[in-house]
Every structure is written in C-alpha cells, then in structure tokens.
Amino acid sequence: MASFHFCAECNNLLYPKEDRINKQLLYACRNCEHQEEADNQCVYRHEVQHIPIEETMVITDLSADPTYPRDNNHPCPKCGYEAVYFQSRSRRADTSMRLYFACCNKDCGHRWYEA
C-alpha cells in the first residue's frame, strides 16, 4: 500500500522519483538533496467505488436476500412483479435520497431507480 514518506534531514514530504540509470524507484526531497530507495514499488493505489445502480448489478440475487424490504406499490415496469428496494450507501449528493429497485421475478431481474 502506498504511504507518505518524509525527509530524514528537513522533515518535508518526499516525492517519488525514477532513477532511470539504475532502474529503481527513489523518494526525493524537493528542498534538500536527500534521497532514499523505495521499499515498495507502489506509489498510487486506485480503488474502484461502484455507484448504487452498479451495486445492484454486483449483487446478483437481490430478490432472495431477506434483509431487503419488498414493495408491492412499485411493481416492476417490465413484468408487474413485486420488487425489493434500498437506498444508496453512497455519500454523493446526487444519490442521497434515491430509491433503487430490483424485480423479484427470477426470470425478469429488471433493475431501476426512482428519485
């Protein structure tokens, strides 16, 4: 995992630097001449975060999960069967109060949302 490194001489942040001659990764201070060899080759880690409608695609069998409430007032627009629903776990402003639905009919499996 990537982490911050600090200069042993002036306590400023060390930045990744490539040593092309020796083909190795270094951390170098921009204020003084201090450099140190990197103990880990990872300088950046990208974590994929799914948006709520994608979360319903990751969980394949939402209709069988007993923890999701069922709703007969919002039937599936494709087959008319009952649906399960949930709110987004995302903290993004555009998804905060949106309800996401998944059809309970195993042959349909339609997913949709309402504002």
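Right, let's walk through the structure included here. (Residues numbered from 1 in each chain as written. Predicted model: local features only at pLDDT ≥ 70, side-chain atom pairs only at ≥ 80, totals over all residues. Heavy atoms only, no water.)

## Comments concerning the sheet that holds strand 4 (residues 70–71)
To keep it simple, the criterion reads: In short, DSSP must find at least two bridges between two strands for them to pair. Each helix is a run of H or I in the DSSP string that is no shorter than four residues. Each strand is a run of E no shorter than two, and both are numbered from the N terminus.
Ordered by their spatial adjacency, four strands build an open sheet running 4-5-6-7, and the pairing between neighbours is antiparallel. Only two strands of the sheet have a single partner each, and these edge strands are strand 4 and strand 7 (111–114). Strand direction decides the pairing type here: strand 5 (residues 83–87) and strand 6 (residues 99–103), joined by five bridges, are antiparallel. Residue pairing across strands places Phe-86 opposite Tyr-100, the latter belonging to strand 6.

## A word on the environment of Asn-105
In plain terms, the rule: Whenever two N or O atoms come within 3.5 Å, that pair is a polar contact, provided that in protein one can donate a hydrogen and the other can accept it, and provided that, for residues adjacent in sequence, both atoms are side-chain atoms.
Relative to the elements of secondary structure, Asn-105 occurs in the loop between strand 6 and strand 7. Only 3.0 Å separates the side chain of Asn-105 from the backbone nitrogen of Asp-107, close enough to count as a polar contact.

## Details of the side chain of Asp-19
Threshold: Only protein chains enter the calculation, and the probe is 1.4 Å; a residue is then buried if its accessible area is under 20% of its type maximum, exposed if over 50%, and partly exposed in between. In this tally, Asp and Glu contribute negative charge and Lys and Arg positive charge; neither His nor the terminal groups of the chain are included. When a carboxyl oxygen of Asp or Glu is within 4 Å of a side-chain nitrogen of Lys or Arg, the pair counts as a salt bridge. By the convention used here, residues are in contact when the closest approach between their heavy atoms is within 4.5 Å.
As for its placement among the helices and strands, Asp-19 is situated in strand 1 (residues 14–19). Of the side chains with opposite charge, Lys-17 comes closest to the buried, unpaired Asp-19, at an N-O distance of 7.8 Å. Sequence-distant contacts of Asp-19, defined by excluding residues within four places in its chain, comprise Gln-24 and Leu-26.

## A few points about the sheet that holds strand 2 (residues 24–29)
Heads up, the condition is: Comment: axis = line fitted to C-alpha atoms, over the contacting stretch for helices; angle = value between 0 and 180 degrees taken between N-to-C directions.
Strand order in this open sheet of three strands is 1-2-3, and the pairing throughout is antiparallel. Strands with a single pairing partner mark the edges of an open sheet, and in this sheet they are strand 1 and strand 3 (35–37). Each strand of the sheet is rotated relative to its neighbour by a mean of 35°, with strand direction disregarded. In this structure, strand 1 lies alongside strand 2, joined through six bridges in antiparallel fashion. Bridging from a neighbouring strand, Pro-16 pairs with Tyr-27 of strand 2.

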